[in-house]
Amino acid sequence: MAELTNDFSWSVSRDQMFRSCQRAYYYHYYASWGGWSDDASEQTRKLYTLKNMKTLEMWAGSVVHETIAEALRRYAHDQSEIRTGELQARARSKLRKGWMEAVNREWIRQPKKNNLQELYYGNGKSLPKEKTDAVREIVYGSLQTFTESDVLQEILAAPQMSWKPVDQLDTFELNGTKVWCAIDFAFTDPAGRLTIIDWKTGKKESDAIREQLACYAYFACDKWQVSCENMRLLGVFLQHDPAPKWYNLTEADLFEAQNAILESAAAMRTKLADVENNTPQPESAFPTIDNERVCRKCKFREVCPQMNGAET
Ligand code: SF4
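Residues numbered from 1 in each chain as written. Predicted model: local features only at pLDDT ≥ 70, side-chain atom pairs only at ≥ 80, totals over all residues. Heavy atoms only, no water.

Trainee: Just give me the short version of the pairing of strand E2 (residues 168–174), but keep the residues and values in it.
Mentor: Pairing geometry for E2 and strand E3 (residues 177–183), over seven bridges, is antiparallel. Each residue of the ladder has a partner; that of threonine 171, found in E3, is tryptophan 180. Two successive antiparallel strands, E2 and E3, enclose a turn made up of two residues, where asparagine 175 displays a positive phi of approximately 45°. (Pairing = 2+ DSSP bridges. Helix = DSSP H or I, 4+ residues; strand = E, 2+ residues; numbered from the N terminus.)

Next up, the structure:
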């Protein structure tokens, strides 16, 4: 098997981390690289463990996304009915499995197993009931909103030939930079417009969604040769409102998004000692931040000097 290499690429989440804290970015994208190997140093293995952790909110979101994607794939395969109770039952067993992986610390041997930040930095065994109740509420409530939404009816009414692959990680090239994106769902509506859907389990509004949708639109133009006028972009905020929120993007917005991606990638590259091999400068070139609110919730706080009173 070819040796894995840490190649430079861009994604919305990478950009968000770079802008939030460069030290966290360094830990996540560089210092943890190779931490899955038995030969890795203790520090690299630790950073790899921390990198793979999820917050409860992220975990709830990933269970919802997985359950929805599986339901749509089953429907595509054999027209299996999409019912709230069944989706919630499937999500319940995912939650149970994920919870056991976390409390049994299965991630020590298999780092991709579920590792929850709140447990890791807590007592490792339990969480206050209101926190676990909140996870269940997000998951069950979001799935109910999904099954009762008009958007789902529109999807199911569309011929399956018009469906694009469900929730698949893919890339496109932008001036030589690989850009990652995973569209939750896309299909061509009866009027011939490509409809791109983003299921959201988090806050109703954020700047990130426009950035993310612009990235999807760019991907769609590149992959499926669709123009902006022939595209509908919608965010469905499953926790709050089944009515989708439409986002209009013009060619000018796409141009702006393209420039923002290129500028962001260029800023990331200034932190490399060897651009061709994606070798970072030393850790000290990636400053820590002085923001108690952000640091208190950071997955790397166990190792970060900012939280341990050491020189940064
Ligand atoms: S603890 Fe704060 S400074 Fe350290 S990596 Fe996390 S966000 Fe950055």
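Trainee: Help me get a handle on the domain arrangement of the protein chain, residues and values and all.
Mentor: Under the domain assignment, the protein chain is made up of domain 1 (20–149) and domain 2 (156–249). Each of domain 1 and domain 2 has a C-alpha centre, and these two points are 23 Å apart. Taken together, the contacts link 17 residues of domain 1 with 13 residues of domain 2. Overall, the association of domain 1 and domain 2 removes approximately 1500 Å² of surface from exposure, summing both partners, and the carbon and sulfur fraction of that is 67%. (Domains from an automatic or database assignment. Contact = heavy atoms within 4.5 Å. Buried area = accessible area lost by both parts, 1.4 Å probe.)

Trainee: Please set out the packing of helix H1 (residues 12–20) against helix H2 (residues 22–31) residue by residue, giving values where relevant.
Mentor: Between H1 and H2, the shortest axis-to-axis distance is 6 Å and the interhelical angle comes to 140°. The angle between the axes of H1 and H2 places the two elements in the oblique class. The residues of H2 that touch H1, namely those facing Ser13, Arg14, Met17, Phe18 and Ser20, are Gln22, Ala24, Tyr25, His28, Tyr29 and Tyr30. (Axes fitted to C-alpha atoms, helices over the stretch in contact; angles between N-to-C directions. Parallel < 35°, antiparallel > 145°, perpendicular 65-115°, else oblique.)

Trainee: Report on the packing of aromatic side chains, specifying residues and quantitative values.
Mentor: Summed over the entire model, instances satisfying the criterion amount to 19 aromatic pairs. Put simply, the rings of Phe18, Tyr25, Tyr26, Tyr27, Tyr29, Tyr30, Phe286 and Phe300 pair up and form one aromatic cluster. Across the ring face of tyrosine 121, the terminal group of arginine 301 is positioned such that the distance to the ring centre comes to 3.8 Å. (Phe/Tyr/Trp six-rings, centres within 6.5 Å; stacked < 30°, edge-to-face > 60°. Lys NZ or Arg CZ within 6 Å of the ring centre and 35° of its normal.)

Trainee: Give a description of the nonpolar core that names residues and reports values.
Mentor: If you look at the biggest cluster of nonpolar residues, it comprises 53 residues, and the most contacted ones within it are Trp10, Tyr25, Tyr27, Ile196, Cys215, Met231 and Leu233. Of the residues forming this core, the biggest block, nine residues, is contributed by helix H9 (residues 207–224). In terms of domain composition, this core takes at least three residues from each of domain 1 (20–149) and domain 2 (156–249). Beyond its immediate stretch of four places on either side in the chain, isoleucine 196 contacts Ile183, Phe185, Ala186, Tyr216, Ala217, Ala220, Met231, Arg232, Leu233 and Leu234. Within the second largest apolar cluster, 38 residues are counted, among which are Val63, Ala71, Ala102 and Trp199. (Core = buried A, V, L, I, M, F, W, Y, C linked by side-chain atoms within 4.5 Å. Buried < 20%, exposed > 50% of the residue type's maximum accessible area, 1.4 Å probe, protein only.)

Trainee: Account for the side chain of threonine 67, with residues named and values stated.
Mentor: The residue threonine 67 is located in helix H4 (residues 56–78) in this model. The residues touching threonine 67, leaving out its near neighbours within four places in the chain, are Leu87, Ala91, Lys94 and Leu143.

Trainee: Which residues make up the site of the ligand, and what values go with them?
Mentor: As a structural note, the neighbourhood of the ligand is formed by Cys21, Ala24, Thr288, Ile289, Cys295, Cys298, Cys304, Gln306 and Met307. A per-class count over the shell around the ligand returns seven nonpolar, two polar and no charged. (Near = heavy atom within 4 Å. Nonpolar A, V, L, I, M, F, W, Y, C, P; charged D, E, K, R; others polar.)

Trainee: How would you explain the sheet that holds E3 if you had to name every residue and give the values?
Mentor: As summarised here, the arrangement of the three strands in space is E1-E3-E2, forming an open sheet in which the pairing is mixed. Lying at the two open borders of the sheet, with one neighbouring strand each, are strand E1 (9–10) and E2. Relative to E3, E1 runs parallel, the two sharing two bridges. Residue serine 9 lies in a different strand from E3, and its bridge partner there is lysine 178.

Trainee: I'd like a description of the pattern of salt bridges, backed by residues and values.
Mentor: Applying the stated rule across the entire model yields 19 salt bridges. With a shortest N-O distance of 2.7 Å, aspartate 133 and lysine 129 are connected by a salt bridge. Here aspartate 133 pairs with lysine 129, and both are found in helix H7 (residues 129–148), just four residues apart, close to one helical turn. For aspartate 133, a relative accessible area of 25% puts it in the partly exposed group. Residue classification places lysine 129 among the exposed positions, given a relative accessible area of 58%. Here glutamate 292 and arginine 296 are joined by a salt bridge, their closest N and O atoms 3.4 Å apart. By relative accessible area, arginine 296 is classed as partly exposed at 43%. Within the structure, one salt-bridge network assembled from shared partners comprises Lys97, Glu101, Glu106 and Lys113. (Salt bridge = Lys/Arg side-chain N within 4 Å of Asp/Glu carboxyl O.)

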